[in-house]
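# Overview (structure and organization)
Residue strings, one per chain:
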Amino acid sequence: MFPFRLATQSIFRNIVRQSSNPILRFPRSLSSAARPLKNQKGPILATILGFSGTILVYQTITAPELHAETPAARLPPTLYSQHIQVLDSWKHPGVHTWGNNKGRVVAPDLDEDYIRAPRRVPFFNNILLRDLKLEKDVGLAVDEQGNVYEWGIGYGKGIKEPEVVLAGKDIQRIEASADRIFALSKDGTLYSFPISKVDQQEGPKPDEPSWIPFTKSKARISHKTLKVPLEYFDKISEISAGRDHLLILTSAGHVYAAAASHSYPDKGQLGIPGLTWATRPKDRPYDSPFRVVTAGNLKINQIATGDYHSVLLDSKSGVWTFGDNSHGQLGFDYLPDQPIKDSPTKLLLQGFYPGGIAAACYQIAAGGMNSFYMVDAAQLQDGRVTADVWASGLGLWGELGNGKWTHVQGKPTKIKALSGLVEYDDTTNQIKPIRIAYIAAGAHHFAAVMDNKTNTNTTDHHDAFSGRDVLWWGNNEFSQLGNGRRNNLNVPSYIPRLDASTERRQAEVAVTEEQQIVPTDRLQITPKQKTTLGDGRKAEVEQRVVAGRGASGVYTKV
């Protein structure tokens, strides 16, 4: 007989206690895990997870392919929160936001300063988005057709719903600095325009092709196209903006950096040694992009930016950082006489681990004054892989997620609640590590979207859907963590699901006397899946999490 122990804080234990799959049972022994659940027709899966010398065993019911229009009569005998969340995300796609609303970004239609729990933005009901950005005083969205919407007092006062500011450009990605917006089109064209509506209307407007053949007309708003010195057949594939700088990643793995606001970057975040306002080339535009080169001129796969620092992930799983290091956000100890690094400096991941372990970073994230490094640590002896998450930078409001309140953290610290997680893969009959799908990085709060096992594509009518787990931590001054409170969290934690009261009413309507509602109220989001939406459209969609400056959101991405 194996003992088990329930705990409350660790995500590891939470995942066991509240699995990504619908029902959990905690048997008293390993042998009892093999017993079928009463009146359960679906398959039973027993998963064994070891932690701190104990064995945790739980049973789960794998999950059905039900379209958004599936009648309630077809729902499984037991209704689960996870199942309803996935189903509702298809039937009623849209945008949920919460947190600081002083800038009228989270809820432009309300005069409340704080939105303490996830709330639908009525304007975006049943609308699919390509991207969403939530800043303190400005909100940005890109719709399914590639049009850019803007709202918030930074755009203009008295605006109660988003307005189209850039149309017909087939925009895919949107970023914002302190005072400018950067929009990347599907063909790789990069547009730049001011945040303020007044500046958009009164600034110089370029000529654009008119609907009348061989004629041109003035653009609707003031904007410009950033000229990046690309090589032949290369194009821009990704952008990431800090407060004053912009990083540009190309399909060939090249990185360029440019000034992105009225304040020229002066903390080394451009990655060009010696480049300042005084030394910049006077014969080039103020916001000219410069090529950033690492030692060995390595191909770059990912880029990330904090307020005043930059992080790169190369094709060989190496991490490079540059810019402001006043809180240790570059992953190096802060030195008073060297507060910045103006050239890419490699972070020695191998130093995170003892001998006999090979470390490889597979993903990066950055926001505010923090950096995050997702690392696969492989045992050289047996090849076993552990997925870990490391953090550096400011931790005064819990941003490091390590259970401590730290002002400066130069040497990366492990987020134990997100590290060393495993689950059983029934397709390979093996235990596999649970990695991070991505970290949504705000200025002082963060959300980790887990790459746990999900179920959105089954044909068994008796199974239930399940999505990706999401855990939140950091500053909660404006209730941006979504738990209805305002206390900061220094350990990643679950929050309640979206539309909780609505889902409960829907479940009660569908339930019969023989059915049972099993509430599991944590938020899960739906991974990418081809499905039929509530209005009959067929699309490949997913839910995405965003964290901004005191605000958070979940939207349906196409």
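Residues numbered from 1 in each chain as written. Predicted model: local features only at pLDDT ≥ 70, side-chain atom pairs only at ≥ 80, totals over all residues. Heavy atoms only, no water.

## Side note on the overall build of the protein
We count it as follows: The secondary structure listing takes helices from DSSP runs of H or I that are at least 4 residues long and strands from runs of E that are at least 2 residues long, numbered from the N terminus. In this scheme, a residue with accessible area under 20% of its type's maximum is buried, one over 50% is exposed, and one in between is partly exposed, where area comes from a 1.4 Å probe on protein chains only. Here the open area of atoms and residues is found with the Shrake-Rupley method and a 1.4 Å probe, where only the protein chains shown may cover a residue.
Looking only at helices and strands, the protein has four helices and 38 strands in total. Classification of the 558 residues of the protein by burial places 57% in the buried group. In the form shown here, the protein has an accessible surface area of approximately 23600 Å², with 51% of it arising from carbon and sulfur atoms.

## A word on the nonpolar core
As a reminder, the rule being used: To qualify as a nonpolar core, a set must consist of buried Ala, Val, Leu, Ile, Met, Phe, Trp, Tyr and Cys residues joined through side-chain atoms within 4.5 Å. The contact definition used throughout considers only heavy atoms, calling two residues in contact when any of these lie within 4.5 Å.
Counting residues in each nonpolar core, the largest one holds 33 residues, and the members touching the most others are Leu132, Trp151, Val470, Trp472, Ile525 and Val545. Elements that contribute at least two residues to this core include exactly strand E4 (95-100), strand E6 (129-134), strand E8 (148-151), strand E30 (436-441), strand E31 (445-450), strand E32 (468-474), strand E37 (538-547) and strand E38 (551-557). Apart from the residues within four sequence positions on either side, isoleucine 525 is in contact with Tyr438, Val449, Gly467, Arg468, Val470, Gln543, Val545 and Val554. Judged by nonpolar contacts, the second largest core, of 19 residues, contains Leu347, Leu349, Tyr353 and Cys361.

## Describing a positive patch on the surface
The test is simple: Residues form patches when they are more than 30% accessible in relative terms and have no salt bridge. Like charges link within 9 Å. Nonpolar side chains (Val, Leu, Ile, Met, Phe, Trp, Tyr) link within 5 Å. We count a salt bridge whenever a side-chain nitrogen from Lys or Arg sits within 4 Å of a carboxyl oxygen from Asp or Glu. Within this scheme the basic residues Lys and Arg register as positive and the acidic residues Asp and Glu register as negative, but His and the chain ends are omitted. Lysine's charge is taken at NZ, arginine's at CZ, aspartate's at CG and glutamate's at CD.
There is a patch of like positive charges on the surface, built from Lys102, Arg116, Lys136 and Arg486. Here arginine 116 falls in the partly exposed class, since its relative accessible area comes to 38%.

## So, the sheet that holds strand E27 (residues 406-414)
Adjacent strands of a sheet form backbone hydrogen bonds with each other and so pair up, either parallel or antiparallel. Basically, it comes down to this: We treat two strands as partners when DSSP finds at least two bridges between them. Here an angle of 0 to 180 degrees is reported between the N-to-C directions of two axes, which are lines fitted to C-alpha atoms, with helices fitted over the stretch in contact.
Spatially, E24-E25-E26-E27 is the arrangement adopted by the four strands of the open sheet, whose pairing is antiparallel. The strands lining the two open edges of the sheet, one partner per strand, are strand E24 (357-367) and E27. In this sheet, neighbouring strand axes are inclined to one another by 20° on average, regardless of whether the strands run parallel or antiparallel.

## What to know about the packing of aromatic side chains
The geometry of an aromatic ring pair is captured by the separation of the ring centres together with the interplanar angle, meaning the angle of the planes. What counts, and what does not: Pairing of aromatic side chains requires ring centres within 6.5 Å, counting the rings of Phe and Tyr and the six-membered ring of Trp. Pairs whose planes differ by under 30 degrees are stacked, by over 60 edge-to-face, and all others tilted.
All chains considered together, the criterion is met by 16 aromatic pairs. Aromatic pair tyrosine 114 and phenylalanine 478: ring centres 6.0 Å apart, planes at 15°, arrangement stacked. With a gap of 364 residues between them, tyrosine 114 in strand E5 (residues 114-120) and phenylalanine 478 in the loop between E32 and strand E33 (489-493) connect regions that are remote in the sequence. Owing to a relative accessible area of 14%, phenylalanine 478 belongs among the buried residues under this scheme. Taking 6.0 Å as the distance between ring centres and 80° as the angle between the ring planes, the aromatic pair formed by phenylalanine 372 and tryptophan 473 counts as edge-to-face. Of this pair, phenylalanine 372 sits in strand E25 (residues 370-379) while tryptophan 473 is found in strand E32, placing the two residues 101 residues apart along the sequence.

## Concerning the sheet that holds strand E17 (residues 245-250)
Reading across from one edge, E16-E17-E18-E19 is the order of the four strands in this open sheet, with antiparallel pairing throughout. Looking at the sheet topology across the chains shown, the edges are occupied by strand E16 (236-241) and strand E19 (290-292). Averaged over neighbouring strand pairs, the angle between their axes works out to 30° when direction is ignored. Judged from the five bridges that link them, E16 and E17 form a sheet pairing that is antiparallel. In the sheet register, serine 240 faces E17, and the bridge partner there is leucine 247.

## Structural notes on the pattern of salt bridges
A full pass over the atoms with the stated rule returns 22 salt bridges. Here lysine 197 and glutamate 163 are joined by a salt bridge, their closest N and O atoms 3.1 Å apart. Of the two residues, lysine 197 sits in helix H3 (residues 197-202) while glutamate 163 sits in strand E9 (residues 163-166), which places them 34 residues apart along the sequence. Note on glutamate 163: relative accessible area 26%, which makes it partly exposed. A salt bridge links arginine 522 to aspartate 469; the shortest N-O distance between them is 2.5 Å. Of this pair, arginine 522 sits in the loop between strand E34 (516-518) and strand E35 (524-525) while aspartate 469 is found in strand E32, placing the two residues 53 residues apart along the sequence.

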